[in-house]
Amino acid sequence: MRYDKHKEKCDMLFKIADLVFCLDYNTTSRVQDMEAALVGSPAPKVLIDHHLDPDVPAVLTISEPEACSTSELVFRIVWQLGDFDKLDKHFAVPVYCGMMTDTGGFLYNSSRPEIYFIIGELLTKHIDKDRIYRNVYHNYSEDRIRLMGFVLYQKLVYLPEYHAAFYTITREEQKKFHFIKGDAEGLVNIPQQIRGLKLSMSLREDSEKPRIWISLRSVDNFPCNKMAAEFFNGGGHLNASGGHLDMTIDEAVQVVRQAFVAYADLLKG
């Protein structure tokens, strides 16, 4: 049940819950508008997460930053409890989907052999991994495709001296392309197709409040998470991170350029 669509009912459920599972976030602020209801819930909490430095007050914390995704950890828990054989594709499909999306289709943070052992076991539940991929990555509107073309042709800023690129999407541009939540998903990965690029960033203006959402993607050992924490009030993984800035889009671009300068040695090296 989505909190942004059913706030009152979700608030009630938090109040009467016996147990709350916190999945895929390391601090309560990550759930944004739902934070007050989550923190205020009297129910004990179980945290399962793969981000660094978890601080969610929980009676049980399962934290493994080396995992490719929280979905991988959910699989491991079920497997170690000996319950995998009891479950069917209704369990396997979302676990596979979570692993796939959190690794960009297994393009990053996915080199450990055990990940593919897990995929093999999930396939025994007769999931259609190709259909899952299509439902996630080939399920956009015409407007999303036109937005992608607009961003790549007119908005992409390529800085070869830093082996980096970034683009902005303003509130007005979102209206022009009938933007809905999810339409910007994956766009930040496309500039990485430029030969030698080390860092790609997106800056998207929030549709309502004065906030700029930042996404960062990198290759090899460039630390997206450190840059996100230092400059963008965020964090995440080595090669995939995010954050935000409460300022105008033009001011945010200046912060991005400052970040490039601060990390010039790593970007140019």
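Residues numbered from 1 in each chain as written. Predicted model: local features only at pLDDT ≥ 70, side-chain atom pairs only at ≥ 80, totals over all residues. Heavy atoms only, no water.

Undergrad: Describe in detail the overall build of the protein chain, supporting the description with residues and values.
TA: A count of helices and strands for the protein chain gives eleven helices and nine strands. A compact globule built from 269 residues would reach a C-alpha radius of gyration of about 18 Å, and the protein chain, at 20 Å, matches this within 12%. Structurally, the protein chain occupies a C-alpha span of about 55 × 40 × 40 Å along its principal axes. Expressed as a percentage of its 269 residues, the buried residues of the protein chain come to 43%. On the protein chain, the mean spot of the 31 positive side-chain charges and the mean spot of the 37 negative ones are 4 Å from each other. (Helix = DSSP H or I, 4+ residues; strand = E, 2+ residues; numbered from the N terminus. Rg over C-alpha atoms; globule rule 2.2 N^0.38 Å. Buried < 20%, exposed > 50% of the residue type's maximum accessible area, 1.4 Å probe, protein only. Lys, Arg positive; Asp, Glu negative; His and termini not counted. Charge placed at Lys NZ, Arg CZ, Asp CG, Glu CD.)

Undergrad: Outline the environment of Asn139, listing residues and values.
TA: Residue position: Asn139 is located in the loop between helix H6 (129-137) and helix H7 (142-155). Polar contacts involving the side chain of Asn139 include one to the main-chain carbonyl oxygen of Asn135, which spans 3.3 Å. (Polar contact = N/O pair within 3.5 Å; in protein donor to acceptor, adjacent residues only side chain to side chain.)

Undergrad: Mind laying out the pattern of salt bridges, listing which residues take part and the relevant values?
TA: Applying the stated criterion to the full structure yields twelve salt bridges. Among the salt bridges present, the one from Glu114 reaches Arg76, with a minimum N-O distance of 3.9 Å. With Glu114 in helix H5 (residues 113-123) and Arg76 in helix H3 (residues 70-80), this pair connects stretches of sequence that are 38 residues apart. One salt bridge connects Lys86 with Asp83, and the closest N-O pair in it is separated by 2.9 Å. Look at the salt bridges and you will find they share partners, linking Glu72, Arg76, Arg112 and Glu114 into a network. (Salt bridge = Lys/Arg side-chain N within 4 Å of Asp/Glu carboxyl O.)

Undergrad: Tell me about the state of the cysteines, and please be specific about residues and values.
TA: For the structure shown, the criterion picks out zero disulfides. Of all cysteine sulfurs in the structure, the one in Cys22 sits closest to Cys10, which takes part in no disulfide; the separation is 14 Å. Under the relative-accessibility criterion, Cys10 is labelled buried at 8%. Residue Cys22 is classed as buried on the basis of its relative accessible area of 0%. (Disulfide = S-S within 2.5 Å.)

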